[in-house]
Amino acid sequence: MRTAYLDTLYDLASKDSRVYALISDNGAIVYDKYRRDLASQYLNLGISEANMLGMAAGMASCGKVPFAYTIGAFLAYRAYEFIRNDICLQKQNVKIVGTGAGEVYSALGPTHHSTEDLGGLRALPNLTVICPASPLEVKKATLAAYEHVGPVYLRLGTNKEPEVYTEDYSFEIGKGVILREGSDVTLIGTGSIVKDILDVEGMLRDEGIRARVINVHTIKPIDRELLIRAIEETGKIVTIEDHNIIGGLGSAVAEVIAESGHGVAFKRFGLHDFSKGYGTYAQVKAMNSISVEKICSEIKKWF
């Protein structure tokens, strides 16, 4: 995902001198090509995330289009006040790019996990929140963020995520994508865990359960129309996320269900606390009961 983002940003900046890459002294090596060819549009602000976002807000007020990039946990938590007051309150055209979504930095533990960022950031007025599921979607989401005038939070994984799309498609902010059709239950996901959800769908299909899979790549604004249609047509809704179940995708979908007036069976999979354990990404997901096997087992029990 990170490579897809950087390649797209490089192309945008090459064509538009207003586009700037701001980083916070992390992963500088991955910016080598950008730094070499577009040095005047590159700023390393050091380990100073809040300052980076304050500077980005000032640049946006002067007509620039800054993409401020660093580890998501350090953006969403450490610099929250600057996102709220300098960017969202002022409706500045800043693109906030957090890498390492969910538990992707599995060996580094909860200090580096972005597992509450959606809960905090989707509450902020004027902020669009996008969580791409694959490299192709990262490219489309980065372009959409550039074209959108206003604050955007782009939440990226960084674990060599596989592609989930077999063909090109139309990406639109606020519009989810149906990846699999089914009538027994709807599985809703966001971000890199969507690949796992497709694996869950395959295992359920082998058990005779036909699951619809929806990729909600935009958490805010969420695609209410698509979700309500799934409620009406499948009668069972499951959300799966690499995030705390409080405030994240599950909460956003629950709000839609509650306001729709429909009665529907509903189940959330995600973290119920800080992440437990250390290891590979797959190992940590298993330790926290959001592995493919655990999710599939619990859904089968539910049926």
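What comes next is a walk through the structure. Treat the numbers as computed from the prediction; the structure is a model and nothing was measured. (Residues numbered from 1 in each chain as written. Predicted model: local features only at pLDDT ≥ 70, side-chain atom pairs only at ≥ 80, totals over all residues. Heavy atoms only, no water.)

Regarding the overall build of the protein chain
Across its full length, the protein chain carries twelve helices and twelve strands. Radius of gyration (C-alpha) of the protein chain: 19 Å, near the 19 Å computed for a compact globule of 303 residues. Of all 303 residues assigned to the protein chain, the portion counted as buried reaches 57%. In the protein chain, 75% of the contacts between residues at least 6 apart in sequence involve partners at least 24 apart. As displayed, the protein chain offers around 12,400 Å² of accessible surface, 50% of which is attributable to carbon and sulfur atoms. Charged side chains in the protein chain number 33 positive and 37 negative. The centres of these two groups are separated by 1 Å. (Helix = DSSP H or I, 4+ residues; strand = E, 2+ residues; numbered from the N terminus. Rg over C-alpha atoms; globule rule 2.2 N^0.38 Å. Buried < 20%, exposed > 50% of the residue type's maximum accessible area, 1.4 Å probe, protein only. Contact = heavy atoms within 4.5 Å. Areas by Shrake-Rupley, 256 points an atom, 1.4 Å probe, with all protein chains shown as cover. Lys, Arg positive; Asp, Glu negative; His and termini not counted. Charge placed at Lys NZ, Arg CZ, Asp CG, Glu CD.)

Re the pairing of strand 11 (residues 236–244)
Burial analysis of strand 11 places eight of its nine residues in the buried class, the great majority of the element. For strand 8 (residues 185–189) and strand 11, the ladder comprises four bridges, and the chain directions are parallel. Residue pairing for strand 11: Thr186 is matched across the bridge by Ile237. Judged from the six bridges that link them, strand 11 and strand 12 (residues 265–271) form a sheet pairing that is parallel. If you follow Thr239 over to strand 12, its bridge partner there is Arg268. (Pairing = 2+ DSSP bridges.)

Quick notes on unusual backbone geometry
Of note, the bond from Lys220 into Pro221 is cis; its omega dihedral lies within 30 degrees of zero at 0°. Its location among the elements puts Pro221 in the loop between strand 10 (218–220) and helix 9 (224–234). With a phi close to 55°, Lys91 is a non-glycine residue in the positive phi region. You can see Lys91 is positioned in the loop between helix 5 (80–88) and strand 4 (95–99). Residue Lys91 is classed as exposed on the basis of its relative accessible area of 56%. The backbone of Ser289 sits at a positive phi, close to 60°, despite the residue not being glycine.

Focus: empty space enclosed by the protein
Following the criterion strictly, the structure yields one cavity of 30 Å³ or more and no others. Here the largest cavity is characterised by a volume of approximately 100 Å³. Here the element with the most residues in the lining of the largest cavity is strand 11; it accounts for three residues. Here the residues of the lining of the largest cavity sort into eight nonpolar, six polar and three charged. (1 Å grid on protein atoms, 1.4 Å probe; cavity = no way out; pocket = protein on both sides within 12 Å on 5 of 7 lines; lining within 4 Å. Points joined across faces, edges and corners; volume = space filled by probe spheres on them. Nonpolar A, V, L, I, M, F, W, Y, C, P; charged D, E, K, R; others polar.)

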